Amino acid sequence: MVEKAQEKALKELDEFGNQLLEKLNKKEAPSFQIPSRTRSNVEFDEEKEIIDITGKKSTRSFINASHVRKFMQTLLVARAAEEYIKNNRTVSKRELYYNLKHKLPGTNKNTWDDDNESSAVIDDLEATLGIVRQQMNVSAKSRGSIYGDITLKQAGDEFSCKKLGKGGWAIPGNVEDVEIVDYDAELILFIETEAMHSRLVEEGSYDDLDALLVTGQGMAPRGVKRFLKRLQDETDLPVVAFTDGDPYGFYIYSVLKHGSMQLAHVNDYYAVPNSKFVGMTMDDIDKYDLHNVTENLDEQARKKIEHNLNYEWFKYHPEWIKEMKKMRKKGVRIEQQALANKSLDFVAKTYLPEKIENEEFLP
Amino acid sequence: MPKNQQFKEFQEHSVAEFFKKNRQMLGYSGKIKSLTTVVHEYVTNMIDAVEEEEDNLPEAFVKIEEMGPEHYKVIVEDNGPGIPENYIGKAFGQMLAGTKFHRFMQQRGQQGIGAAGAVMFGQVTTGKPTKIITGQGDGKILECELSIDVKKNRASINNKKTYSGEMKGTRIETELKNVLYQKGRYGIDEYLRRTVLANPHLKLTYVDPEGKTIIYDRAVEDIPPKPKEAKPHPRGVTVDDLLGYALRSNSHKIKSFLRNDFTRISGKKVKEIQKKISFDLNKMPKDLKWDEAEELVQTFKETDFMRPPTDVLVPIGKKRLEKAVEEQLEPEFKQVVERKPKVYRGGVPFIVETALAYGGKAGNNNGDNEIEIMRFSNRVPLLFNKGTCAITKAVKSVDWDRYGIKDNTPVTILVNFTSIHVPYIGAGKKSIAEEEEILNEIRLSLMKTGRKLGKYLKGKRRQRKRLQKKKTFEIYIPEISKSLSEITGKKEEEIKKHLQSIVKQRFSDIKEDE
């Protein structure tokens, strides 16, 4: 059975192929437009509030010596994607690489020599067709999980994410075929670390906060981001992020809210622009007297602050800039788990309920 | 001209003794070189002799027989006019007695020592005379043995036999010792190969000591025009020349001698010269003294004369040389440049011809990793004394790198220097003196050939690059066709054809057969 998301992919692939064929019939060299994914072509779209690529496109032509190899590879992946979708098979990026690696007829050249080549082509195809690779049945890494009162359906199985043991449901790399059947929650809480996620599950925060607890185990992978996006789109629940109080945690939040530069061509699929940030903040250190559990910023962290300060989407939020500057001035970072210094359940019983109740959020 | 006219021009000079003492100078040093020199002398004489006849294409036979260690017999036969009995001694037995020495005319041999020297060399090393068989096509054949009486500078002819038979031409057989046959750049094989290159109208059959026969066919069938005799130009003479001419002059006064025996000296010029010099030009030419001759030559240099006529020179010719190069070197690319006649020392006309061959058999430089240089003067290959020659110096002075020609590029450069008076260094006639005008002419023509080859190589490199580039497209066509066919359902073969024609159109500048 072909899902709706895959249907769109098939349509795009078909159009892509026919567009090339049309040129060929006119005796023109086949070529296609590909949105430029270079850093210089990435900008913050204030209207959509996501990191996006500008309209700049480059042409990839069969009759250009520096394009022809990639041209071949792009068609190879397009052809394979169609096959994967039709046969209802999902492959990993690495599998795709091996699956399509072979000698070009009559030569000793390979279709590709390493998986950097195949990965780049997958990204190109995403940008060209305006779909994500999961829609082409090429899955992203699966990492992260969700716990809470929500019933989902996948591959014919219906399950509640509250009844799968303490770990909850592991979010797969491809969530396009996941259906939201029912839920009972007031908000979606994105938690940076798995340890904190476990703490909150154990303390019963899903009930206390009426929250769906989602973790990406660090930087959220595509599956988690896409799932969050779909959850938000389909339930309209607010998304609140809870990360470490350091430049990395804040960056993870920024990716969740506005998308990443690497995936600028598909951030529409991932970014949740109306997310809010609950903590950890520099003010928390004073407010909850956590001075003795901070750690000094190292050189790398300081550099990361400077980087953050320079991003357009950070500058878009004066509060973010203020937060980064405070961090730079204090010269310290504060981890989520430092709250355990007060007591193990402090985060679940005091910190989060208080801040969420009072909507002490950063935008 | 009566057939025997040329033989009447012999003049005797007693230098046989001189030769014997100075044989190194004449090319008889070194075992390999000596053998090549003998062949060279006979072959040069032979071609000149055949060309004396109208309507006769030269055909030569050269055979080297090994008689023992460092002991060989050289046989050279031509299809020339043959030699009348009473001239044989003068033709082969006397130094500086050839027809050439006193004629101001472009010829292969120049000083007339040649054939006699070879006869002498054989005699000195083996004690044996040289065998001559000659016929004038009149049903009679003359066979004799010739040796040289060194003291008297005279040929002695023995064992004379006359018999009837059909023969037109001359066959010489000389035995030599202390010589060595070897292949390589100084050997006979190379000498003959080059001779054929510069004389494309010559048919040559060569049998080497191992009995292997090489036949060089004519590259062209037409007889080259005969060079004209010309009077010397005042700017081209040395003091020695001047005294020599004066001695043989039939004029009664130097005034008329100058007017009659030189080109571009008019009565008006004689008056001009008289004003500048300290002695009376009304005296007898044979009374001209050395210091007076010196004064005259100096005055010639300070006087303006019309340039000498240059139509007396006959180069190989562009088309002939092209054919010769094509036939002998089978090059991938060739460029022949023939420059207009020029004059050196203000009075001696000359023509430089250069050919550059690339690829094929060109650039076979006996293992040396440098450009192969073939030097010729009046079509005679110059094998020895490469380093001192103006041709070599001109080649080395060109920045070949600029034209993309490296040391290992398979290139042969051929330079033929044509003149009535070739400024050889030494009596061995092995290398051309470095006259500025000559060097410059050679350089200019070489640079032109270099530019042309450079352009060709550039085009070739570009072509190769284009071909490579074309391939980069072609190797992807099957995979692209397959994928696009599967996506769209269009026939794979049809897509392939479309793509191929797009590539072909894009690279329409590439020749199909490559």
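Quick note: structure is the one above.
Note that this is a predicted model, so its numbers are computed, not measured.

Each value, and the rule that gives it
Residues numbered from 1 in each chain as written. Chains lettered and ligands numbered in written order. Predicted model: local features only at pLDDT ≥ 70, side-chain atom pairs only at ≥ 80, totals over all residues. Heavy atoms only, no water. Helix = DSSP H or I, 4+ residues; strand = E, 2+ residues; numbered from the N terminus. Buried < 20%, exposed > 50% of the residue type's maximum accessible area, 1.4 Å probe, protein only. Contact = heavy atoms within 4.5 Å. Areas by Shrake-Rupley, 256 points an atom, 1.4 Å probe, with all protein chains shown as cover. Buried area = accessible area lost by both parts, 1.4 Å probe. Salt bridge = Lys/Arg side-chain N within 4 Å of Asp/Glu carboxyl O. Polar contact = N/O pair within 3.5 Å; in protein donor to acceptor, adjacent residues only side chain to side chain. Nonpolar A, V, L, I, M, F, W, Y, C, P; charged D, E, K, R; others polar. 1 Å grid on protein atoms, 1.4 Å probe; cavity = no way out; pocket = protein on both sides within 12 Å on 5 of 7 lines; lining within 4 Å. Points joined across faces, edges and corners; volume = space filled by probe spheres on them. Domains from an automatic or database assignment. Axes fitted to C-alpha atoms, helices over the stretch in contact; angles between N-to-C directions. Parallel < 35°, antiparallel > 145°, perpendicular 65-115°, else oblique. Left-handed = near helix turned anticlockwise from the far one by under 90°. Pairing = 2+ DSSP bridges. Core = buried A, V, L, I, M, F, W, Y, C linked by side-chain atoms within 4.5 Å. Expected span 1.5 Å × (residues − 1).

1. Some words on the overall build of chain A
In terms of regular secondary structure, chain A is built from 13 helices and 17 strands. Here chain A, with 363 residues, has 57% of them falling under the buried criterion. Relative to all contacts within chain A whose residues are 6 or more apart in sequence, the contacts with residues 24 or more apart total 72%.

2. Here's the deal with the overall build of chain B
A count of helical and extended segments in chain B gives 14 helices and 14 strands. Expressed as a percentage of its 514 residues, the buried residues of chain B come to 57%. Considering only residue pairs separated by 6 or more positions, chain B has 73% of its internal contacts joining residues 24 or more positions apart. With an accessible surface of roughly 23,000 Å², chain B has 47% of that area assigned to carbon and sulfur atoms.

3. Quick notes on the interface of chain B and chain A
How big an interface is tends to be expressed through the accessible area that disappears when the partners come together. Listed by partner, the interface residues are 22 residues for chain B and 31 residues for chain A. Counting each side, the surface lost to burial between chain B and chain A is near 2,400 Å², with a carbon and sulfur contribution of 74%. Ranking the residues of chain B by area buried against chain A places Tyr476, Glu479 and Ile487 of chain B at the top, with a combined share of 28%. In this assembly, chain B and chain A are joined by 1 salt bridge. The salt bridge involving Glu486 of chain B is made with Arg79 of chain A; its shortest N-O contact spans 3.5 Å. Applying the counting criterion to the chain B and chain A interface returns 4 residue pairs in polar contact (both at pLDDT 80 or more). Mapped onto the side of chain B that touches chain A, the elements with two or more residues apiece are α12 (436-474), α13 (477-488) and α14 (492-506) of chain B. Considering each element in turn, the side of chain B that touches chain A owes the most residues, 10 residues, to α13 of chain B. Class assignment of the residues belonging to the side of chain B that touches chain A gives a composition of 12 nonpolar, 4 polar and 6 charged.

4. Here we look at the layout of surface pockets
All names here are of chain A. Approximately 520 Å³ is the volume attributed to the second largest pocket. Lining the second largest pocket are 20 residues, and of these Arg133, Pro221, Arg222, Lys225 and Leu263 sit closest to its centre. Sorting the residues of the lining of the second largest pocket by element identifies α3 (93-99), α7 (222-235) and α8 (247-258) as the ones contributing at least two each. Taken together, the residues of the lining of the second largest pocket sort by class into 7 nonpolar, 4 polar and 9 charged. Inspection of the lining of the second largest pocket shows a minimum of three residues originating in each of domain 1 (2-136) and domain 2 (145-357).

5. Thoughts on the side chain of His265 of chain A
Residue and element names in this part refer to chain A. Mapping His265 onto the fold places it in the loop between α8 and β15 (276-279). Within the structure, the side chain of His265 is placed 3.4 Å from the backbone oxygen of Asp123, a separation counted as a polar contact. One polar contact links His265 to Glu126, side chain to side chain, over a distance of 3.0 Å.

6. A look at the packing of α13 of chain B against α14 of chain B
All names here are of chain B. Axis separation between α13 and α14 bottoms out at 8 Å; the angle between their running directions is 135 degrees. The angle between the axes of α13 and α14 places the two elements in the oblique class. Once α13 is placed against α14, the crossing between them reads as right-handed. Between α13 and α14, the residues in contact are Ile477, Pro478, Ile480, Ser481, Lys482, Leu484, Ser485 and Thr488 and Glu492, Ile495, Lys496, Leu499, Gln500 and Val503, respectively. When its residues are assigned to classes, the contact of α13 with α14 shows 7 nonpolar, 4 polar and 3 charged.

7. Concerning the pattern of salt bridges
Counted by the stated rule, this structure contains 59 salt bridges over all chains. With a shortest N-O distance of 2.9 Å, Asp246 of chain A and Arg333 of chain A are connected by a salt bridge. Note that Asp246 of chain A is positioned in the loop between β14 (239-242) and α8 and Arg333 of chain A in strand β17 (residues 332-333), a separation of 87 residues in sequence. For the pair Asp246 of chain A and Arg333 of chain A, one class covers both residues: buried. Close ionic contact of Glu494 of chain B with Lys490 of chain B constitutes a salt bridge, the shortest N to O distance being 3.3 Å. By sharing partners, the salt bridges in this structure join Lys166, Arg199, Glu202 and Glu203 of chain A into a single network.

8. Details of the pairing of strand β2 (residues 71-77) of chain B
Residue and element names in this part refer to chain B. Most of β2 is tucked away, with 6 of its 7 residues classed as buried. A loop of 2 residues connects strand β1 (residues 59-68) with β2, the two strands running antiparallel in sequence, and Glu70 in this loop sits at a positive phi of about 55 degrees. With 7 bridges joining them, β2 and strand β6 (residues 168-177) adopt antiparallel strand pairing. Counted as the bridge partner of Lys73 is Glu175 from β6.

9. Regarding the nonpolar core
Residue and element names in this part refer to chain A. With 77 residues, the main nonpolar core has Ile146, Leu189, Phe242 and Leu352 as its most contacted residues. When residues are assigned to domains, this core turns out to be shared by domain 1 (2-136) and domain 2 (145-357), each giving three or more. If you look at the next biggest cluster of nonpolar residues, it comprises 53 residues, including Val68, Val91, Tyr97 and Met136.

10. So, α7 of chain A
Residues and elements named next belong to chain A. Here α7 contains 14 residues, and its C-alpha end-to-end distance of 19 Å stays within 8% of the 20 Å for a straight helix at 1.5 Å per residue. For α7, the set of buried residues is Arg222, Gly223, Val224, Lys225, Arg226, Phe227, Leu228, Lys229, Arg230, Leu231, Gln232 and Thr235. At the exit of α7 stands Asp236, carrying a positive phi of roughly 65 degrees.

11. Observations regarding the sheet that holds strand β9 (residues 157-160) of chain A
All names here are of chain A. Strand order across the open sheet formed by 3 strands is β9-β8-β11, with antiparallel pairing between neighbours. What marks the edges here is a single partner per strand, and that holds for β9 and β11 (179-183). Ignoring which end each strand starts from, the neighbouring axes of this sheet average 20 degrees apart. Relative to β11, strand β8 (residues 150-154) runs antiparallel, the two sharing 4 bridges. Bridging from a neighbouring strand, Leu152 pairs with Ile180 of β11. On top of the sheet, α7 reaches β8 and β11; it is set at about 55 degrees to β11, its chief contact.

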